[in-house]
Amino acid sequence: CSVAPADDGADADTGSTTHALVTVERSYTENSAEAARAAAFAGFVRTPPGVDANSMFRLAGFGLDLPAVGQCAEPNSARTPGVPLSPLARVEFLDAGDVALRTATTSAALATRALPAVTDLIAGVVYTTRDRAADPLPAAAAYTLSTTGGVLGSFNVSASAPLLLSGVSVGATPLAELSTVAARSALTLSWSRGLSRDLVYVELTTQDGSATTRCTFPDDAGQGTVPAGAFAGAGLGELSLHRVHSEPFTSGSVSAGEVRFDFEQSANVEFSE
């Protein structure tokens, strides 16, 4: 038997939609001499009917796996539902031409990267910053994403980055002074409150990666508790808090898009029994 080849360049594949994900991540370790780091990512994916774009971003390694607000869980890609792909339902990450992120004082051009071959049913390119320099990707700034020369046409998208986390404490200990964490006991976390629509998640992970737990809280609560027994790790590791702010957008041929900021403050610690 024979099958007519699919037209990969056709935006008019029946029922197909184009989705975009743009992420800006910053991280800083309080009790380390290492400088702050940052990175940005942009991906534009065309999906056939019945295929969830968020699942595609997670499958390609660019999603964010969080438990429900108020809950704790291990990050687990197995929670991603099955994706109905076939050779006639190819998922393509599109060439958007020149992609850049700008603020009033900075500019970061994103480099084109061939998408790692997760499966032969996913192909294309994504865009990332060339290094981990933090200065071009500031907090508390208005960002503009611009694309020119790609299959999607030229468009601009605006989003506002949140403030960095501040006033972070674990129990009565400021994060910068934290060195030991009693992993089997409940942990009370606090921070300066953010926006009601934003999230804060804490991640506890061992240095060897043998144990990881994430817990999600509303940012405007200013506090959260990791229940006793939620984390089973021991030895050297890291405790980090992330402020997550997300803004949806539509533009031109992008059916649905998201700009997501994930700003992390962390400390190197030892998890004790």
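Bear in mind that the values here come from a model prediction, so they are computed numbers and not experimental data. (Residues numbered from 1 in each chain as written. Predicted model: local features only at pLDDT ≥ 70, side-chain atom pairs only at ≥ 80, totals over all residues. Heavy atoms only, no water.)

### So, the overall build of the protein chain
Inference 1: Along the backbone of the protein chain there are one helix and 18 strands.
Inference 2: Out of the 273 residues belonging to the protein chain, those deemed buried represent 46%. (Helix = DSSP H or I, 4+ residues; strand = E, 2+ residues; numbered from the N terminus. Buried < 20%, exposed > 50% of the residue type's maximum accessible area, 1.4 Å probe, protein only.)

### Remarks on the confidence of the model for the protein chain
Inference 1: Of all residues in the protein chain, 88% attain a pLDDT of 70 or more, and the chain-wide mean is 88.
Inference 2: Segment residues 1-12: pLDDT under 50, and 11 contacts once partners within four positions in sequence are set aside and those in other chains are kept.
Inference 3: This model gives residues 77-81 a pLDDT under 50, and the stretch forms eight contacts once residues within four places in sequence are excluded. (pLDDT = per-residue confidence, 0-100. Contact = heavy atoms within 4.5 Å.)

### A look at the layout of surface pockets
Inference 1: If you add up the space inside the largest pocket, you get close to 350 Å³.
Inference 2: Surrounding the largest pocket, 24 residues form its lining, Glu25, Gly63, Leu64, Tyr201 and Asp262 being those nearest its centre.
Inference 3: For the lining of the largest pocket, a count of residues per class yields nine nonpolar, six polar and nine charged. (1 Å grid on protein atoms, 1.4 Å probe; cavity = no way out; pocket = protein on both sides within 12 Å on 5 of 7 lines; lining within 4 Å. Points joined across faces, edges and corners; volume = space filled by probe spheres on them. Nonpolar A, V, L, I, M, F, W, Y, C, P; charged D, E, K, R; others polar.)

### Details of the pairing of strand S7 (residues 122-128)
Inference 1: The buried count for S7 comes to six of seven residues, which makes it a mostly enclosed element.
Inference 2: As judged from the two bridges shared by strand S2 (residues 37-47) and S7, these two strands associate in the antiparallel manner. Looking across to S7, one finds that Phe41 is bridged to Thr128.
Inference 3: Here three bridges tie strand S4 (residues 91-93) to S7, and the two strands are oriented parallel to one another. What sits directly across from Glu92, in S7, is Ala123.
Inference 4: In this structure, strand S6 (residues 107-114) lies alongside S7, joined through four bridges in antiparallel fashion. Bridge pairing links Arg113 to Val126 in S7. (Pairing = 2+ DSSP bridges.)

### Digging into the state of the cysteines
Inference 1: The full count for this structure, using the stated rule, is one disulfide.
Inference 2: Between the sulfur atoms of Cys72 and its disulfide mate Cys215 the distance is 2.0 Å. Measuring the twist about the S-S bond at about 110°, one finds the Cys72-Cys215 disulfide to be right-handed. With Cys72 in strand S3 (residues 72-73) and Cys215 in strand S15 (residues 212-218), this residue pair connects regions lying 143 residues apart in the sequence.
Inference 3: Here Cys72 falls in the partly exposed class, since its relative accessible area comes to 25%. (Disulfide = S-S within 2.5 Å.)

### Some points on the pattern of salt bridges
Inference 1: In total, this model carries six salt bridges according to the counting rule given.
Inference 2: Taking the shortest distance from any N to any O, the salt bridge between Glu34 and Arg37 comes out at 3.3 Å.
Inference 3: The class of Glu34 is partly exposed, set by a relative accessible area of 40%.
Inference 4: For Arg37, a relative accessible area of 30% gives the class partly exposed.
Inference 5: Asp219 is paired through a salt bridge with Arg243; the nearest N and O atoms lie 2.7 Å apart. Of this pair, Asp219 sits in the loop between S15 and strand S16 (223-226) while Arg243 sits in strand S17 (residues 235-251); the two residues are 24 residues apart in sequence, bridging distant segments of the chain. (Salt bridge = Lys/Arg side-chain N within 4 Å of Asp/Glu carboxyl O.)

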